[in-house]
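A look at the structure
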Amino acid sequence: MNFRIGYGYDVHQLAEGYEFWLGGIKVPHTKGSVGHSDGDVLIHAICDALFGAANLGDIGKHFPDTSNEYKGIDSKILLKRTYDILLENGYQIGNIDSTICLQKPKIRPYIEKMQSVLAKTLNIDAQKISVKTTSTEKLGFVGQEEGISAHAMVLIHSD
Ligand SMILES: [Zn+2]
């Protein structure tokens with residue numbers, strides 16, 4: 001088998017008056033993620049990691065934020081399309097590991113639901129998807145609650 005790894009990173013601004021979509025679910029919070037799509041930072045990091053692993057560019061190349069087609073789009077649709085592109089190129093997901101950097105709210109209670117929603121979107125076992133979370137000890141834009149970031153690593157393979 002041919003194994004490849006990929007890494008993805010994404011940042012979004014947090015602001016009042018926006019819905020807070022994260023890991024494919026809507027999280028109750030006073031602020032939400034600002035973006036051209038639904039602003040789901042975790043899914044965007046995973047998409048970038050998948051494209052990177054296959055050396056197929058990045059999320060902006062495939063789903064440009066200048067396109068009206070992607071305005072307000074559910075990022076789960078982008079994730080599914082990303083994996084479809086990898087499957088067309090002969091790759092399958094081995095596993096995904098990820099970390100969400102966020103000061104508030106506490107994300108741990110939502111992680112199991114995120115894993116199951118992401119697994120369903122990708123049609124893979126939830127056991128293959130790890131979602132971790134960390135605050136940044138009130139430091140920087142994450143700690144000051146100005147934004148949210150996410151890191152993702154994936155292993156893909158082709159036969
Ligand atoms: Zn993004």
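For clarity, every value in this text was computed on a predicted model and none was experimentally measured.

When its secondary structure is counted, the protein chain shows five helices and seven strands. Tracing the protein chain from N to C terminus, the helices and strands come up as β-β-β-β-α-α-α-β-α-β-α-β. Here the protein chain has a C-alpha radius of gyration of 15 Å; the compact-globule value for 159 residues is 15 Å, and the two agree. Expressed as a percentage of its 159 residues, the buried residues of the protein chain come to 50%. Considering only intrachain contacts with a sequence separation of at least 6, the fraction spanning at least 24 residues in the protein chain is 72%. When the accessible surface of the protein chain is summed, it comes to about 8,100 Å², and 49% of that surface belongs to carbon and sulfur atoms. Charged side chains of the protein chain number 16 positive and 19 negative; the gap between the two group centres comes to 4 Å.

Right, let's get into helix α4 (residues 111–122). With 12 residues, α4 ought to run about 16 Å at 1.5 Å a step, and its terminal C-alpha atoms sit 16 Å apart, in line with that. Among the residues making up α4, those that are buried are Ile111, Met114, Gln115, Val117, Leu118, Ala119, Thr121 and Leu122. Along its buried surface, α4 packs onto β2 (21–22), β3 (25–26), α1 (41–53), α3 (75–88), β5 (92–101) and β6 (129–134). At the C-terminal side of α4, Asn123 shows a positive phi close to 60°.

The protein atoms donating to the zinc ion are Asp10 (OD), His12 (NE2) and His44 (ND1), with metal-donor distances spanning 2.0 Å. Each donor residue of the zinc ion lies on the same chain, and together they follow the pattern D-x1-H-x31-H. Given the relative accessible area of 17%, Asp10 is considered buried. Judged by relative accessible area, which is 11%, His12 ranks as buried.

Let's shift gears to unusual backbone geometry. A cis amide bond links Lys104 with the next residue in sequence, Pro105, at an omega value of -5°. If you trace the backbone, Pro105 turns up in the loop between β5 and α4. The backbone of Lys138 sits at a positive phi, close to 65°, despite the residue not being glycine. Take Lys138: it is sitting in the loop between β6 and α5 (140–143). One non-glycine residue, Glu145, adopts positive backbone phi at about 65°. On the secondary structure map, Glu145 appears in the loop between α5 and β7 (147–158).

With that out of the way, let us pick up the nonpolar core. By size, the foremost hydrophobic cluster in this structure holds 45 residues, and its most contacted members are Leu22, Leu42, Leu86, Ile100 and Met114. Ignoring anything within four residues of it in the chain, the contact list for Leu42 reads Leu22, Gly23, Ser98, Ile100, Met114, Leu118, Val131 and Ala150.

The next subject is the packing of α3 against α4. How two helices pack is summed up by the angle between their axes together with the distance between the axes. Orientation of α3 relative to α4, taken along the N-to-C sense of each, is 45°, at an axis distance of 9 Å. Our classification of the angle between α3 and α4 gives oblique. When the axes of α3 and α4 are compared, the crossing they make is right-handed. On α4, the residues that touch Lys76, Leu79, Lys80 and Tyr83 of α3 are Val117, Leu118, Thr121 and Leu122. Class assignment of the residues belonging to the contact of α3 with α4 gives a composition of five nonpolar, one polar and two charged.

Cut-offs and rules
- Residues numbered from 1 in each chain as written.
- Predicted model: local features only at pLDDT ≥ 70, side-chain atom pairs only at ≥ 80, totals over all residues.
- Heavy atoms only, no water.
- Helix = DSSP H or I, 4+ residues; strand = E, 2+ residues; numbered from the N terminus.
- Rg over C-alpha atoms; globule rule 2.2 N^0.38 Å.
- Buried < 20%, exposed > 50% of the residue type's maximum accessible area, 1.4 Å probe, protein only.
- Contact = heavy atoms within 4.5 Å.
- Areas by Shrake-Rupley, 256 points an atom, 1.4 Å probe, with all protein chains shown as cover.
- Lys, Arg positive; Asp, Glu negative; His and termini not counted.
- Charge placed at Lys NZ, Arg CZ, Asp CG, Glu CD.
- Expected span 1.5 Å × (residues − 1).
- Donors = N, O, S within 2.8 Å, 3.2 Å for Na, K, Ca; no water.
- Core = buried A, V, L, I, M, F, W, Y, C linked by side-chain atoms within 4.5 Å.
- Axes fitted to C-alpha atoms, helices over the stretch in contact; angles between N-to-C directions.
- Parallel < 35°, antiparallel > 145°, perpendicular 65-115°, else oblique.
- Left-handed = near helix turned anticlockwise from the far one by under 90°.
- Nonpolar A, V, L, I, M, F, W, Y, C, P; charged D, E, K, R; others polar.

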